[in-house]
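Commentary on secondary and tertiary structure
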Number of protein chains: 2
Amino acid sequence: MTGQVRTVDGRVAGRRGQETRQKLLDCLREMLSTSPYRDVKVIDVARMAGTSPATFYQYFPDVEGAVLEIAEEMAEDSGGLKELVDGKSWAGKTGFTTSEELVDGFLAFWRKNDAILRVVTLGAAEGDKRFFKIRMKVLNSVAAPLAEAVRNTQGKTDKTVDGSAIAGSLVTLLAAAAEHSKAFTSWGVKVKDLKPNLALQVYLGVTGKKPPK
Amino acid sequence: MTGQVRTVDGRVAGRRGQETRQKLLDCLREMLSTSPYRDVKVIDVARMAGTSPATFYQYFPDVEGAVLEIAEEMAEDSGGLKELVDGKSWAGKTGFTTSEELVDGFLAFWRKNDAILRVVTLGAAEGDKRFFKIRMKVLNSVAAPLAEAVRNTQGKTDKTVDGSAIAGSLVTLLAAAAEHSKAFTSWGVKVKDLKPNLALQVYLGVTGKKPPK
DNA sequence: CGGTAAGCTGACGGCATGACAGGACAAGTT
DNA sequence: AACTTGTCCTGTCATGCCGTCAGCTTACCG
């Protein structure tokens, strides 16, 4: 499915080329997590990878192009988040555990990929369709099954409930909370307290009820 | 309070100088809402203002410095958001109206300043203390009185409720929803439907009850 | 061993950055 | 009007990054 990896000028990349390419991506990833996005320069990435800027431009059109590559990789990886919701029960105490595990897993994923997700979020907010699409893919890996869960849990009793809207809000909240957990700290909410609070919100949103104690 | 406006090299800016400075800020604001942050260049801002890059550097250390200026101005302006919560009632139908107006006002503010807020959000996420502080000021203008409202409404009956955590979550959600309203559209939630949904979440969060119909 | 394609880089023109010195200008003084 | 003073702007320059290309090196294959 994925065609051969190609250089910008159309050559087919071989073993050595792919290694170099990968090293550049790794170094870029590293750069992104240590410097402001605005200050990430091709020359720095190349230097860190022990190669020259010209080599960088063989494999990527520019910094943004390489960032998109990393982001797409990360988006593929986000497929695993589905398992946090799919086939889980939202009834009673088990339901609250589902909620806790979802929050935990989602925050862990976001934290693991925080640097690249920061850039994706910015790009999406700026209206870049490619970044927007990637962001939606990540969010949808949770939002889609979650909307289904809402419909299954509340849809029968209350036809006015909009599963997509609720699931969307919850996922949006989780993403923002993960990205700005520091803000909560400054509100006097410790990271340990944050998780149960989010879990509570998720449980409330999905089931429409307060959790059993 | 605000000392005289000074140039980078320490001179006091006069009438004409302040005009130029302001024009540069206005043009930068404009640039930010039309180009990706990464691509905003001093030379473009200067050109748009009908002046030279050297002039820009007389008034600001760099693009970031000027952006901080705009952001601080915006943060001052955010003080007015307090009025959306202060002295409002959360009881019954009136309470839901309070919630609706809060959502409306907050989203309007965010939309009006979306370009600069995007950059502030990025800076805060990247760990820049100056941007973080500005972002907290904006969020706190709503979060602080909202936390108080939560304590007043639920704190009496339930000691385990953490007003700061709930208010923080709600404000975080509102900010993220404002910044990424497009995501909701792609989930099939129209902008018109988004507001009531958020209002519902806010009402639920503050009062702990479902709203009266 | 020679041919072919992949892989890498030095070098270059172009543009942005950031600093400085000096010219233009406004406003008051003599 | 000529002069003074301090503000304001820009031409210019050194530096550094961008993005491209020609050409050299390396690896593989018959």
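Residues numbered from 1 in each chain as written. Chains lettered and ligands numbered in written order. Predicted model: local features only at pLDDT ≥ 70, side-chain atom pairs only at ≥ 80, totals over all residues. Heavy atoms only, no water.

1. Digging into the overall build of chain A
Scanning chain A from terminus to terminus reveals 10 helices and zero strands. When its helices and strands are written in sequence order, chain A yields α-α-α-α-α-α-α-α-α-α. Here chain A holds 213 residues, and 50% of them are scored as buried. Counted over contacts in chain A with a minimum sequence separation of 6, partners at least 24 positions apart contribute 67%. In the form shown here, chain A has an accessible surface area of approximately 10400 Å², with 52% of it arising from carbon and sulfur atoms. Separation of charge centres in chain A, based on 31 positive and 26 negative side chains, amounts to 3 Å. (Helix = DSSP H or I, 4+ residues; strand = E, 2+ residues; numbered from the N terminus. Buried < 20%, exposed > 50% of the residue type's maximum accessible area, 1.4 Å probe, protein only. Contact = heavy atoms within 4.5 Å. Areas by Shrake-Rupley, 256 points an atom, 1.4 Å probe, with all protein chains shown as cover. Lys, Arg positive; Asp, Glu negative; His and termini not counted. Charge placed at Lys NZ, Arg CZ, Asp CG, Glu CD.)

2. As for the protein's contact with DNA strand C
Close to DNA strand C lie 18 residues; Arg-11, Gly-14, Gly-17, Thr-20 and Thr-51 of chain A are nearest. Of all atoms in DNA strand C that approach within 4 Å of the protein, 71% are sugar or phosphate atoms. A distance of 2.9 Å separates a phosphate oxygen of DNA strand C from a polar side-chain atom of Tyr-59 of chain A. With respect to DNA strand C, the backbone of Ile-43 of chain B contributes an N or O atom lying 3.3 Å from a phosphate oxygen. Those elements that provide at least two residues to the surface near DNA strand C are α1 (15-34) and α3 (53-59) of chain A together with α2 (42-48) and α3 (53-59) of chain B. The biggest single contributor to the surface near DNA strand C is α3 of chain A, with four residues. A per-class count over the surface near DNA strand C returns eight nonpolar, seven polar and three charged. (Near = heavy atom within 4 Å. Polar contact = N/O pair within 3.5 Å; in protein donor to acceptor, adjacent residues only side chain to side chain. Nonpolar A, V, L, I, M, F, W, Y, C, P; charged D, E, K, R; others polar.)

3. As for the UniProt feature "DNA-binding region" (unreviewed entry) in chain A
Taking the UniProt record as the reference, the feature "DNA-binding region" (unreviewed entry) is found at residues 41-60 of chain A. Overall, residues 41-60 of chain A shows 70% helix and 0% strand. The separation of its end C-alpha atoms is 13 Å. (UniProt positions renumbered as here; feature names shortened; annotations may be inferred.)

4. Overview of helix α8 (residues 163-179) of chain B
All names here are of chain B. With 17 residues, α8 should reach 24 Å at 1.5 Å per residue; the first-to-last C-alpha distance of 24 Å fits that figure. Burial of α8 is extensive: 16 of the 17 residues sit out of reach of the surface. The N-terminus of α8 is capped by Asp-162, whose side-chain oxygen sits 3.1 Å from the backbone nitrogen of Ser-164. (Expected span 1.5 Å × (residues − 1).)

5. Re the interface of chain A and chain B
Of the residues lining the interface, 41 residues belong to chain A; the matching set on chain B comes to 39 residues. Each partner contributes to the roughly 3800 Å² buried at the junction of chain A and chain B, and carbon and sulfur atoms together form 62% of this total. Counting the surface chain A buries against chain B, the share from its top three residues, Arg-38, His-180 and Trp-187 of chain A, is 20%. Among the secondary structure elements, those contributing two or more residues to the side of chain A that touches chain B are α6 (114-125), α7 (129-154), α8 (163-179), α9 (181-186) and α10 (191-207) of chain A. Of the residues assigned to the side of chain A that touches chain B, the class counts are 20 nonpolar, 12 polar and nine charged. (Buried area = accessible area lost by both parts, 1.4 Å probe.)

6. Section: helix α4 (residues 63-77) of chain B
Taking 1.5 Å per residue as the helical rise, α4 of chain B with its 15 residues ought to reach 21 Å, and the 21 Å between its terminal C-alpha atoms agrees with that figure. The elements touched by buried residues of α4 of chain B are α1 (15-34), α2, α3, α5 (92-112), α6 (114-125) and α7 (129-154) of chain B.

7. Overview of the packing of aromatic side chains
Counted under the stated rule, the structure contains 10 aromatic pairs over all chains. Between the aromatic rings of Phe-56 of chain A and Tyr-57 of chain A, the centroid separation amounts to 5.7 Å while the plane-to-plane angle is 80 degrees, which identifies the pairing as edge-to-face. Overall, Phe-56 of chain A belongs to the buried group, its relative accessible area being 1%. Each ring, one from Phe-96 of chain B and one from Tyr-203 of chain B, has its centre 5.8 Å from the other, and the planes form 65 degrees; the classification is edge-to-face. Of this pair, Phe-96 of chain B sits in helix α5 while Tyr-203 of chain B sits in helix α10 (residues 191-207); the two residues are 107 residues apart in sequence, bridging distant segments of the chain. By the burial criterion, Phe-96 of chain B is buried, and Tyr-203 of chain B matches it. Positioned above the aromatic ring of Tyr-37 of chain B, the side-chain terminus of Arg-38 of chain A is 4.9 Å from the ring centre. (Phe/Tyr/Trp six-rings, centres within 6.5 Å; stacked < 30°, edge-to-face > 60°. Lys NZ or Arg CZ within 6 Å of the ring centre and 35° of its normal.)

8. Regarding the packing of α7 of chain A against α10 of chain A
Residue and element names in this part refer to chain A. Interaxial distance between α7 and α10 falls to 7 Å at its minimum, and their mutual angle equals 55 degrees. In terms of orientation, α7 lies oblique with respect to α10. Residues Leu-146, Ala-149, Val-150, Thr-153 and Gln-154 of α7 form the contact with α10, whose own contacting residues are Gly-205, Val-206 and Thr-207. The residue makeup of the contact of α7 with α10, split by class, is four nonpolar, four polar and no charged. (Axes fitted to C-alpha atoms, helices over the stretch in contact; angles between N-to-C directions. Parallel < 35°, antiparallel > 145°, perpendicular 65-115°, else oblique.)

9. With respect to the relation of the copies chain A and chain B
You can overlay chain A on chain B at an RMSD of 0.1 Å; the transform is a turn of 180 degrees with a shift of 0.0 Å along its axis. The superposition of one copy onto the other is thereby described by a two-fold rotation axis. An overlap of 95% is found between the interface residues of chain A and their copies at the interface of chain B, pointing to a shared contact surface. (Least-squares fit on C-alpha atoms with pLDDT ≥ 70 in both.)

10. Quick notes on the domain arrangement of chain A
By the assigned domains, chain A splits into domain 1 (1-61) and domain 2 (74-207). Using C-alpha coordinates to define each centre, domain 1 of chain A is positioned 32 Å away from domain 2 of chain A. (Domains from an automatic or database assignment.)

11. So, the side chain of Asp-128 of chain B
All names here are of chain B. Residue position: Asp-128 is located in the loop between α6 and α7. Side chain to side chain, Asp-128 and Arg-130 meet in a polar contact 2.8 Å long. If we ignore the near neighbours within four places in the chain, the residues touching Asp-128 are Glu-64 and Gly-123.

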